[in-house]
Amino acid sequence: MSNLFTRLKDSIVADFHEMLDQKEEKNPMVQLNEYVRQCEQQAKKIRALVEKQYLVKQEFSKEYNHAKSMLEKRTRQADLAAEAGESELQEHAEQEKQLYQERVDKLSSLRDQSIKELEQLESKYEQMKYKIKELYVKRLELKGRENVAKAHQGMNRVIQSDLASKSISKFSELENYIERLEEKVKSDYRMHTLDARLAELEKNKYTTT
């Protein structure tokens with residue numbers, strides 16, 4: 001029996017949360033908040049990709065500098081072997097010089113391309129951040145307008161409701177009651193004062209006679 005009640009309770013709770021989710025999905029402000037959250041997550045992912053691209057550019061630069069250094073080294077060695085008459089050494093140095101020249105040319109192209117791509121990514125990333133900032137401002141504007149609209153709606157509901165009219169009527173009745181009570185107090189006071197003065201007058205009259 002307890003398991004039955006537990007399942008029933010869980011089912012009711014699940015239906016309640018589903019109803020709340022559906023209600024929130026229809027709320028434009030909730031949808032806007034969700035869209036902003038998704039944009040923020042996307043911005044983090046893109047920032048990570050930009051950083052990875054920066055590392056790629058650094059690796060290309062590192063390989064390019066190494067290949068260029070080896071090209072200059074083999075060029076000097078080929079010239080030195082030629083001056084020394086070492087044709088075999090010169091031939092090997094010239095072969096490696098050619099390989100490093102090709103490597104330098106390729107890496108130079110790849111490095112330049114990676115730099116260009118990185119600049120494009122950074123530019124678009126800055127544009128995206130600016131757009132997200134605009135979303136923040138727009139969300140604040142809409143939130144302010146929503147608050148004002150809800151405040152007016154709540155006040156209008158009170159002002160225009162039957163309850164407000166009944167409350168005003170009750171206040172009016174209470175005010176009339178208090179006025180009647182005040183008049184009675186004044187009247188009783190005047191009557192008491194009048195009785196006291198007449199009693200004093202009568203007392204003085206009998207005392208004199």
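Shown above is the structure to which this text applies.
The shown structure was predicted, so the numbers you read here are calculated from the model rather than taken from an experiment.

Visitor: Explain the overall build of the chain residue by residue, including any values.
Guide: In terms of regular secondary structure, the chain is built from 4 helices and 0 strands. Element order for the chain, N to C, with α for helix and β for strand: α-α-α-α. When each of the 209 residues of the chain is scored for burial, the buried share is 14%. The contacts in the chain between residues at least 6 apart in sequence include a share of 80% that link residues at least 24 apart. Element-wise, carbon and sulfur atoms account for 56% of the exposed surface of the chain, whose accessible area totals about 17600 Å².

Visitor: Talk me through the nonpolar core; I want residue IDs and the actual numbers.
Guide: In terms of nonpolar packing, the biggest core is built from 11 residues, these being M29, L32, V36, C39, A43, V50, L118, Y125, M128, I132 and L135. Those elements that place two or more of their residues in this core are α2 (28-84) and α3 (87-160). Among the elements that take part in this core, α2 stands out by supplying 6 residues, more than any other. C39 has contacts with I132 and L135, leaving out every residue within four places of it along the chain. Of all hydrophobic cores here, the second largest spans 7 residues; its members include Y64, L71, Y100 and L107.

Visitor: Give me the lowdown on the environment of A81, citing residues and values where you can.
Guide: Counting through the fold element by element, A81 comes out in helix α2. Judged by relative accessible area, which is 8%, A81 ranks as buried. The spacing of A81 and E94 is 13 residues in sequence and 9.9 Å in space, taken between C-alpha atoms. Here A81 is in contact with E86, L89 and Q90, once residues within four sequence places are set aside.

Visitor: Now, about the packing of aromatic side chains: what can you tell me, with residues and values included?
Guide: Two descriptors summarise a pair of aromatic rings, namely the distance from one centre to the other and the angle between the planes of the rings. In the structure shown here, the tally under the stated rule is 0 aromatic pairs. The ring of Y125 carries R47 above its face, with NZ or CZ at 4.9 Å from the centroid.

Reading guide: rules and limits
Residues numbered from 1 in each chain as written. Predicted model: local features only at pLDDT ≥ 70, side-chain atom pairs only at ≥ 80, totals over all residues. Heavy atoms only, no water. Helix = DSSP H or I, 4+ residues; strand = E, 2+ residues; numbered from the N terminus. Buried < 20%, exposed > 50% of the residue type's maximum accessible area, 1.4 Å probe, protein only. Contact = heavy atoms within 4.5 Å. Areas by Shrake-Rupley, 256 points an atom, 1.4 Å probe, with all protein chains shown as cover. Core = buried A, V, L, I, M, F, W, Y, C linked by side-chain atoms within 4.5 Å. Phe/Tyr/Trp six-rings, centres within 6.5 Å; stacked < 30°, edge-to-face > 60°. Lys NZ or Arg CZ within 6 Å of the ring centre and 35° of its normal.

The values are spatial; any link to function lies outside them.
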